[in-house]
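# Overview (structure and organization)
Each chain, letter by letter, is given below.
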Amino acid sequence: MSMTEHQSLTQVDQSARPSNFVNHERLNARLSEMAKIGATPGGGVNRAALTPEDAKAQLQLARWATDLGLFVTRDAIGNLFLRLEGTQPELLPVLSGSHIDSQPTGGKFDGIYGVIAALEAVQAIVESGCAVSRSVEVVAWVNEEGSRFAPSMMGSGVYAVLRSLDAALHLVDAEGVSVKAALQQLEPLFTSIPMRPMGLPIYRYIEAHIEQGPVLEKDGLEIGVVTGIQGKHTYKVTVTGEAAHAGTAPHKTRKDALLAAAGMVTALATELCDAQDITRFTVGRLNVYPNAPSVVPQEVVFSVDLRHPDRELLEQLSALVPEVCNRMAAPCSAHVERLYTAAPIEFDQRLQQNIEAAARDLGMTYRFMLSAAGHDAGPIQSKYPAGMIFVPSVSGITHNEAELTHPRDLTNGTQVLANVLWSLSME
Ligand code: GLV
Ligand code: MN
Ligand code: MN
């Protein structure tokens, strides 16, 4: 039954709209509960993917869902699903969620907000008494950050078949632990949760997320209707030199991998920038071997994260990474491996309109905007229609323990989400 055959959101008794059942206290209490899992002394969280903290947060989510009567399942990469069964369960479901993992010094909202907001939206739909035709599923994608296991967007990427399950299972962390081994280690915690097949088809996917930038706050707006995500390429650069004695080895015979890497990073920073400050270039990780004060560095491994909203320009800039590294390598050598390629993406037009209509109906102020950060909705949009709702980030601070979004804004985003999910579930 289509939405028009049934009842449109505006025709529904306004007081019965799911947004009216979003519980501000419950939403914020659940976020506070999640913030305790992996809490850092600096006031943020450290919940790396597939660690006991990540599992603990998934299990807490599963308990809340079970109490609400949702059906909980997991897939082979560790994505978690909480399903509200619709009256027509044979129809493709509407999905909403985000990720639970964080950066090592992450904030209390990046990712987890979208998961808790989706759960709250589903609970609001249940409590409103509004029927749903399509099932609605909350999803927690595994390893969005890519901090422990690079590259990022692992769970959503496998789901959308952008990468193979087998390749993801063989990714290893800095200690050499594979995704497969990490999943096996956590397996005993999840024995009561049934497995589901990988990549079941989706009708529509909507993700709520904090903006992670300063735009909404600067414009004094409540909601961001996200139009797309800028492109991102990542690399692993290995610089090979030769270990030598810091006291005895003459400089002219040294092959100092750190000095070569420093030259590469500096040259890349100079060449991968523009006057408008649109290109984003970051070296966030640099490991030195053997990392001993009296040994000339034998090897350096560093990361490159490069982003740009224009597909062609991103390709051109990206081609400079191996070129610059090889040019700056002497007397060492460089090996440059591209880890991740995400072209800029545009979200489904109609979902953008649905989100705009929901914000407008609720009397909220909004704007259309591009996401500078990556999100699971990116991989999902490559296969199914997807959309995103942003709420303001205080001072745009994120990937930082000081990350903050005001409770009122968290609730606003959840109210928009609740109405959008409900209307999609009736299509
Ligand atoms: C996701 O956190 C990203 O790096 O954009
Ligand atoms: Mn995120
Ligand atoms: Mn993040």
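Residues numbered from 1 in each chain as written. Chains lettered and ligands numbered in written order. Predicted model: local features only at pLDDT ≥ 70, side-chain atom pairs only at ≥ 80, totals over all residues. Heavy atoms only, no water.

## A closer look at the coordination of the manganese ion (ligand 2)
Around the manganese ion (ligand 2), the donor atoms from the protein are His99 (NE2), Asp110 (OD) and His209 (NE2), and they sit 2.0 to 2.3 Å away. For the manganese ion (ligand 2), all donor residues lie on one chain, and their spacing in sequence is H-x10-D-x98-H. Between the manganese ion (ligand 2) and the manganese ion (ligand 3) the interatomic distance comes to 3.6 Å, and Asp110 is a ligand of both metals. With His99 in strand 3 (residues 94–99) and His209 in strand 5 (residues 204–210), this residue pair connects regions lying 110 residues apart in the sequence. You can call His99 buried: its relative accessible area is 0%. Since its relative accessible area comes to 1%, His209 is described here as buried. (Donors = N, O, S within 2.8 Å, 3.2 Å for Na, K, Ca; no water. Helix = DSSP H or I, 4+ residues; strand = E, 2+ residues; numbered from the N terminus. Buried < 20%, exposed > 50% of the residue type's maximum accessible area, 1.4 Å probe, protein only.)

## Points about the site of ligand 1
Close contacts around ligand 1 come from Glu144, Glu145, Lys232, Arg307, Ala373, Gly374 and His399, and that covers them all. At 2.6 Å, a side-chain N or O of Arg307 approaches an oxygen atom of ligand 1. One of the backbone nitrogen or oxygen atoms of Gly374 is found 2.6 Å away from an oxygen atom of ligand 1. Against a free-state accessible area of 190 Å², the protein chains account for coverage of 95% of ligand 1. Taken together, the residues of the shell around ligand 1 break down into one nonpolar, two polar and four charged. (Near = heavy atom within 4 Å. Polar contact = N/O pair within 3.5 Å; in protein donor to acceptor, adjacent residues only side chain to side chain. Areas by Shrake-Rupley, 256 points an atom, 1.4 Å probe, with all protein chains shown as cover. Nonpolar A, V, L, I, M, F, W, Y, C, P; charged D, E, K, R; others polar.)

## So, the pattern of salt bridges
Under the definition given, this model contains 18 salt bridges. Salt-bridge contacts for Glu271 lead to Arg327; the nearest nitrogen and oxygen are separated by 3.1 Å. Within this pair, whereas Glu271 is found in helix 8 (residues 257–271), its partner Arg327 is found in helix 9 (residues 311–327), the two being separated by 56 residues in sequence. With its nearest N and O atoms 3.8 Å apart, the salt bridge here joins Arg327 to Glu323. Of the two residues, Arg327 and Glu323 both sit in helix 9, four residues apart, roughly one turn of that helix. By sharing partners, the salt bridges in this structure join Arg26, Arg30, Glu120 and Glu127 into a single network. (Salt bridge = Lys/Arg side-chain N within 4 Å of Asp/Glu carboxyl O.)

## Details of the coordination of the manganese ion (ligand 3)
Listed as protein donors to the manganese ion (ligand 3) are Asp110 (OD), Glu145 (OE), Glu145 (OE) and His399 (NE2); their distances from the metal cover 2.1 to 2.5 Å. As a motif over one chain, the donors of the manganese ion (ligand 3) read D-x34-E-x253-H.

## Here's the deal with the packing of aromatic side chains
Per the stated rule, a full pass over the model turns up five aromatic pairs. Pairing Trp141 with Tyr159 gives two aromatic rings, centres 5.1 Å apart and planes at 70°, and the pair type is edge-to-face. With Trp141 in strand 4 (residues 136–141) and Tyr159 in helix 4 (residues 154–159), the pair connects residues that are 18 residues apart, well separated along the chain. For the pair shown, Trp141 and Tyr159 are each scored as buried. The ring of Tyr203 carries the charged tip of Arg134 above its face, separated from the ring centre by 3.5 Å. One Lys or Arg, Arg196, reaches over the ring of Phe81 and ends 3.6 Å from the middle of that ring. (Phe/Tyr/Trp six-rings, centres within 6.5 Å; stacked < 30°, edge-to-face > 60°. Lys NZ or Arg CZ within 6 Å of the ring centre and 35° of its normal.)

## What about the domain arrangement of the protein chain?
Domain parsing of the protein chain yields domain 1 (3–230 + 344–425) and domain 2 (231–342). Placing the centre of domain 1 and that of domain 2 at their C-alpha centroids yields a distance of 34 Å. Both sides together, the interface formed by domain 1 and domain 2 hides about 940 Å², and carbon and sulfur atoms give 52% of it. When the buried surface of domain 1 facing domain 2 is broken down by residue, Pro151, Gln230 and Pro344 rank first, second and third, together holding 58% of it. The tally of links from domain 1 across to domain 2 stands at zero salt bridges. Counting across the interface, domain 1 meets domain 2 through two residue pairs in polar contact (both at pLDDT 80 or more). (Domains from an automatic or database assignment. Buried area = accessible area lost by both parts, 1.4 Å probe.)

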